[in-house]
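# Fold and contact review
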Amino acid sequence: MAPEPAADGATGMSAAPKLLQVVKATSLSLVRFHRDMFGGMTALPSSPAALRNRGPILDVLAGVLPPRGLVLEIASGTGEHAEHFAAAFPGLEWQPTDRDAGSLETIAARLGSAGLSNVRPPMCLDVTATPWPVARADAIVCINMIHISPWAACEALMVGAAAALPAGAPLYLYGPMMRDGRHTAPSNAAFDADLRARDPAWGVRDVADVAAVAGRVGLDLAAVVPMPSNNFSLVLRRRG
Ligand SMILES: C[S@@+](CC[C@H](N)C(=O)[O-])C[C@H]1O[C@@H](n2cnc3c(N)ncnc32)[C@H](O)[C@@H]1O
């Protein structure tokens, strides 16, 4: 099999200098600055992966999200997905969250200057800490988290989503996944090994395992959509 591009979950947030390198190679319009605590202008952290995958993810979300209601985003990271999707779906209210304090600061800075009226201030939400601070949502979106966290985080995500969603409502997941115990590309196998070397509790998950843990708490796998760079979209729906 020919080498394929690595799953885009490989990168988290880039530091500002790296962002500037990426921007140099692409477009200056991507650089976003905010005023830091010393009054200086600082480039906001950015995720090159999020900038690459937000278009393809948006195309899938357009057929998955309800026309109105509250979308709870888990693990919002840099807030770039929240900004992009809230702008694209003005009928929806977007609630970004993350468990990481630095990410919450970045999200607040990014969205504070975005001029969007349908994005709520970011909230601290660790999927493993119950109860979640958002009790109800009409849809839940979680991008590139379950492989960069212990399996317990995936289990907790399912329990929390099942509790928060009404019957029929979607939980959208995105990231690299295995199918039937096998990696879908050599680059994903290498990425998996790298993740496990960084933390033995991390790793690329198998769609069947994700569907099984979801099914046990009342979320049924409704769709598996192959995505660019060897990723998948999974759509799960709350059983009625
Ligand atoms: C690879 S980043 C993805 C960020 C963003 N969704 C994106 O695709 O650019 C993984 C994110 O998961 C978050 N995360 C990890 N464990 C978590 C947990 N237990 N609860 C909530 N968020 C978590 C991290 O703080 C980080 O922002």
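Residues numbered from 1 in each chain as written. Predicted model: local features only at pLDDT ≥ 70, side-chain atom pairs only at ≥ 80, totals over all residues.

## Comments concerning the sheet that holds strand S7 (residues 170-175)
Where we set the bar: By the convention used here, strands pair only if DSSP detects at least 2 bridges between them. Helix and strand assignments come from DSSP, with helices taken as H or I runs of at least 4 residues and strands as E runs of at least 2, each series counted from the N terminus. Contact between two residues is assigned when their C-beta atoms, built from the backbone, lie within 7 Å. Inter-axis angles, ranging from 0 to 180 degrees, are taken between N-to-C directions of lines fitted to C-alpha atoms, where helices are fitted over the stretch in contact.
With mixed pairing, seven strands are arranged side by side in an open sheet as S5-S4-S3-S6-S7-S11-S10. The two strands at the open ends of the sheet, each matched to only one other strand, are strand S5 (123-124) and strand S10 (219-227). Of the strand pairs in this sheet, strand S6 (residues 139-143) and S7 are connected by four bridges, and their pairing is parallel. From the neighbouring strand, Val-141 faces S7, where its bridge partner is Tyr-172. Those strands touched by helix H7 (residues 207-216) are S10 and strand S11 (231-238), and its axis lies near 155 degrees from that of S10.

## Observations regarding the pairing of S11
Worth spelling out the cut-off: Working definition of burial: number of other C-beta atoms within 10 Å of the residue's own, with buried at 20 or more, exposed at 12 or fewer, and partly exposed in between, all C-beta atoms being placed from the backbone.
Burial analysis of S11 places seven of its eight residues in the buried class, which makes it a mostly covered element. Bridging between S10 and S11 involves eight bridges; their strand directions are antiparallel. Counted as the bridge partner of Leu-219 is Arg-238 from S11. Linking S10 to S11, which pair antiparallel, is a turn of three residues; within it Ser-229 sits at a positive phi near 60 degrees.

## Some details on unusual backbone geometry
Residue Pro-131 follows Thr-130 across a cis peptide bond; omega there is -5 degrees. Look at Asn-144: it is not a glycine, yet its phi comes out positive at around 55 degrees. Despite not being glycine, Asn-230 shows a phi value in the positive range, around 60 degrees. For Asn-230, the position within the fold is in the loop between S10 and S11.

## Describing the pairing of strand S3 (residues 69-74)
Our working definition: A clockwise path from the first strand over the helix to the second, with the strands pointing away from the viewer, defines a right-handed crossover.
For S3 and strand S4 (residues 92-98), the ladder comprises five bridges, and the chain directions are parallel. Within the sheet, the bridge partner assigned to Gly-69 lies in S4 and is Leu-92. Taking the sense of rotation as the criterion, the β-α-β connection linking S3, helix H3 (residues 80-88) and S4 turns out right-handed.

## A few points about helix H6 (residues 186-198)
Heads up, the rule is: Expected span, for any helix, means 1.5 Å times one less than how many residues it has. As used here, the arc belongs to the directions running from the helix axis to the C-beta atoms.
With 13 residues, H6 should reach 18 Å at 1.5 Å per residue; the first-to-last C-alpha distance of 19 Å fits that figure. All of the buried residues in H6 are Asn-188, Phe-191 and Leu-195. Looking straight down H6, one finds its buried side chains confined to an arc of 60 degrees; they lie on one side.

## A word on the packing of helix H2 (residues 48-61) against H3
What counts here: Here a crossing is called left-handed whenever its near helix is offset anticlockwise from the far helix by less than a right angle, and right-handed whenever the offset is clockwise. In this count, Pro and Cys sit with the nonpolar residues alongside Ala, Val, Leu, Ile, Met, Phe, Trp and Tyr, while Asp, Glu, Lys and Arg are called charged and the others, Gly among them, polar.
At a minimum axis separation of 10 Å, H2 and H3 run at an interaxial angle of 35 degrees. Crossing of H2 against H3: the hand is right-handed. Between H2 and H3, the contacting residues are Ala-50, Leu-51, Arg-54, Leu-58 and Leu-61 on the first element and Glu-80, His-81, His-84, Phe-85 and Ala-88 on the second. Here the residues of the contact of H2 with H3 are counted per class, giving six nonpolar, two polar and two charged.

## A short note on helix H4 (residues 101-112)
When the terminal C-alpha atoms of H4 are compared, their 16 Å separation across 12 residues agrees well with the 16 Å that a helix rising 1.5 Å per residue should span. Within H4, burial applies to Ser-103, Leu-104, Thr-106, Ile-107, Ala-109, Arg-110 and Leu-111.

## Some points on the nonpolar core
We count it as follows: Residues of type Ala, Val, Leu, Ile, Met, Phe, Trp, Tyr and Cys that are buried and joined through C-beta atoms within 7 Å form what is called a nonpolar core.
By size, the foremost hydrophobic cluster in this structure holds 52 residues, and its most contacted members are Val-71, Ile-74, Ile-140, Cys-142, Leu-157, Ala-161 and Leu-171. Of the residues forming this core, the biggest block, six residues, is contributed by helix H5 (residues 151-164). Setting aside anything within four residues of it in sequence, one finds Ala-161 in contact with Ile-140, Leu-171 and Leu-219.

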